[in-house]
Structures are given as C-alpha cells and as structure tokens.
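Here's the letter readout for the chains.
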Amino acid sequence: MKVYENISLKPYNTFGIDVKARRLVVVEPGDDLVTLTLSHSETLILGGGSNMVFTKDYEGTVITLSNTFHLSPLTSHLVTVWGGMEMDDLIQWTLDHGLYGLENLSAIPGTVGASAVQNVGAYGAEAKDFIESVEVYDLMERRQCTFCNADCQFAYRDSLFKHHPGRYLILRVTYRLSKKFVPNLSYKALEGLPHATAQQLREAITEVRWSKLPRPEEHGSAGSFFKNPVVDESTYLCLKAEYPDMPDAHRSDNGYKLSAGWLIDKAGWKGRTQGRAGVWPKNALVLYNADGCSGDEVRALAAAIQQDVKQKFGVALDPEAIII
Ligand SMILES: Cc1cc2nc3c(=O)[nH]c(=O)nc-3n(C[C@H](O)[C@H](O)[C@H](O)COP(=O)(O)OP(=O)(O)OC[C@H]3O[C@@H](n4cnc5c(N)ncnc54)[C@H](O)[C@@H]3O)c2cc1C
C-alpha cells in the first residue's frame, strides 16, 4: 500500500480538474487491508476518475487500487480480474484468449471495479450481463466478502455499490464469458457488421466511439454527463406529438427512456461554452473541459442545461457523472 499526502488529483480524473486530496492510498493486490477504515464523510473510492467531477479539494482519504494488470482464469469460462485493471485492457485480453461477450464495451474508459459499480453499458451490452460475482473489502465491517450477480442489484448505470459510497472497496470481479463468439449487433450503428470477427467488432466500436467523443489527450470529459431520462407514457406521447422529430423512446419496465442528448441539442446547447466548460459539438450529452476549467464551471453549465431542458420540455435530467 502506498500513501501520499496533499497530492494533486489532476492525473486521477479524466476531466483533468486540478484539486488536491489530503491523503491518497493506493492499494496493491495482496495488501493487508485491515488498516483501512470507513468514515462516510471522509473516504472516497476512486477508480480512473472517468465519471467524476471534483469541485473542491478533497479533505479526507481517497482510496484507489493500483492499475496492475492482474487476472486469473478460473475455468474455461470464468476469469477473475483485479479491480484496478483497465477495463479495456481486460477486453483485449479476453479476445486474445478466445473469450467473448465484453467486446461491445470496448473503449469505455475506467477500471474493472467501477464497471460493476456503474454497470457500464454501450452498444446494446451491459457489464451486468457478464458479471458472475464481485469480491469486496467491506470498510465498515472490516472483512472481505463476495456478492453474486443477483446480490449486486444491477440496474441502468446502477448497483448496490453505488448506494453505499465509500463502504465496499471492489477488489476483484469475476466475469462469465463465452467460448463461442455471437456478435451483439442490436445497436443500429453495428447492423452492417454481420460477418465481423470479435476483434473487428471491437475496432469498429472503438472507432465510432472516438468519432463522437473528445479525445482525452485534447479535452477532458466524463463521457455522457446525464442519464437518459425515463418518463411516463402520457409525457412521452405529448412530447412526440409536439416534436415529431424526437427519436422514438425505448420502452422499459418503468416507462419511456428518452434521448437526453436530443433534448439538450434541441434546447440549443450543442457546441456552446459557458466559462471554460462546454457542450461537445459532436455529442450534446458530453460536457467537456474547454480550457482548464474548474469543477464549479462544469457544475454551473450542467445546472443551466438542466434548468433549460426542464423549462422547455418539462423533463428532469439527472447527472450520470458523480459531482464531488
Ligand atoms: C470519454 C468517456 C466515455 C465514456 N463512455 C461510457 C459509456 O459508453 N458507457 C458507460 O457506462 N460509461 C461511460 N463513461 C463513464 C465511465 O467510463 C464509467 O463510469 C467507468 O466505469 C468509470 O470508471 P472509473 O474507473 O474511471 O471510475 P471512477 O470514475 O473513478 O468512479 C466511478 C464510481 O465507481 C466507484 N469506484 C471506482 N472504483 C471502485 C472500486 N474499486 N471499488 C468500489 N467503488 C469503486 C467510485 O467511488 C465512483 O462511485 C465514459 C467516460 C468517458 C470519460
């Protein structure tokens, strides 16, 4: 375990926001964790910081896992992976070893541990579809335990872990993969790839993704800043009647999922900047660091968009990004 005092978190968040942590603890595989304890107001678990917006210095302890490449195949289908490992490195490893399923999640920034917290999803796939179990260190009970998939309460960008911030440090995730490649082409942009190999599908997805997102080396961001809002049937039908060009909603158990990006674009925010934060010109769902912005500037831009969308369409937007 490595401990740093008063350290800048700029390299630890993809928005590139320069705040400091009073203490940063980096946990390595095999470390003895009993010295880690929970204090709700003072402990933050950080992965790659790709879904975080820091608005001020963090006065407590930030705990993160080393990004060591560390995994162990259990059976021919199950592989257990260190939580600090880059998700995208895992996906390349699985394809190199003839294990399939995760390819549609290619190029999502962040760690294996966070993939379970966030139930990351893209191109018709979600992490929950492949997670067998999650091994955590419970900072409150000071013991290690394992959650099976059903215990994790996975939902859209949600899980049990998200509701107990700072309590469960995810050490390892076990994925159940397939030896047979069955392409998931449910997403419209992938329809033209019925004969692609898994590697070709991964490359096509990576290319499409980065054509619509800011390159991290040029502009910081947290990817999609807002969740797609879910509304009831009458709200959806009224909006569709007023705006026939609105994309058809995806029907789910709890209602109709609208495109947040379309609402933000229609409200006129695409490509606009406010202070040093902006709305990405190729994707209205993405807020970005236009020129060394602060977390407060991102928060102010997000609040202005939320207020405007609410006023114009009567729809509330909830941030997907975590504002600290
Ligand atoms: C350019 C870009 C594109 C993106 N595209 C997508 C996308 O297509 N789909 C998608 O779902 N997301 C997307 N995201 C969001 C982001 O990649 C995911 O949310 C990712 O899972 C965050 O991983 P992270 O390691 O950076 O976690 P962080 O941002 O550091 O943390 C996210 C949450 O997980 C918790 N956490 C992290 N690690 C652990 C751990 N080991 N134990 C317990 N809790 C932990 C944190 O406390 C926090 O609550 C995108 C982000 C960017 C910047």
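Note: the structure precedes this text.
Residues numbered from 1 in each chain as written. Predicted model: local features only at pLDDT ≥ 70, side-chain atom pairs only at ≥ 80, totals over all residues. Heavy atoms only, no water.

> Help me out: how do you make sense of the sheet that holds strand β14 (residues 230-231) in this one?
Strand pairing in a sheet is mediated by backbone hydrogen bonds. Such pairs are either parallel or antiparallel. Read from one edge to the other, the open sheet built from three strands follows the order β14-β16-β15, with strand pairing classed as antiparallel. Each edge of the open sheet is held by one strand with a lone partner, namely β14 and β15 (250-252). As judged from the three bridges shared by β15 and strand β16 (residues 255-257), these two strands associate in the antiparallel manner. Directly across from Ser252, in β16, lies its bridge partner Gly255. (Pairing = 2+ DSSP bridges. Helix = DSSP H or I, 4+ residues; strand = E, 2+ residues; numbered from the N terminus.)

> What's the story with the site of the ligand in this structure? I'm lost.
Near the ligand, the surroundings consist of 32 residues, among which Ile45, Gly47, Ser50, Pro109 and Thr111 are the closest. Between the ligand and Gly48, the relevant distance is 2.7 Å, taken from an oxygen atom to a main-chain nitrogen or oxygen of the residue. Within the contact set of the ligand, an oxygen atom lies 2.8 Å away from a backbone nitrogen or oxygen of Gly49. If the ligand stood free it would expose 970 Å²; the protein chains cover 93% of that surface. Contributing elements (two or more residues each) for the shell around the ligand: β3 (43-46), α2 (112-118), β8 (121-122), β12 (168-176), α3 (198-212) and β13 (221-224). A per-class count over the shell around the ligand returns 17 nonpolar, twelve polar and three charged. (Near = heavy atom within 4 Å. Polar contact = N/O pair within 3.5 Å; in protein donor to acceptor, adjacent residues only side chain to side chain. Areas by Shrake-Rupley, 256 points an atom, 1.4 Å probe, with all protein chains shown as cover. Nonpolar A, V, L, I, M, F, W, Y, C, P; charged D, E, K, R; others polar.)

> Honestly, the environment of Phe181 in this entry has me stumped. Any pointers?
Examined against the element boundaries, Phe181 turns out to sit in the loop between β12 and α3. On the basis of relative accessibility, which here comes to 22%, the residue Phe181 falls in the partly exposed class. As a C-alpha pair, Phe181 and Val19 span 162 residues in sequence and 44 Å in three-dimensional space. Sequence-distant contacts of Phe181, that is, excluding residues within four places in its chain, are made with Tyr100, Glu103, Ala196, Thr197, Ala198 and Leu201. (Buried < 20%, exposed > 50% of the residue type's maximum accessible area, 1.4 Å probe, protein only. Contact = heavy atoms within 4.5 Å.)

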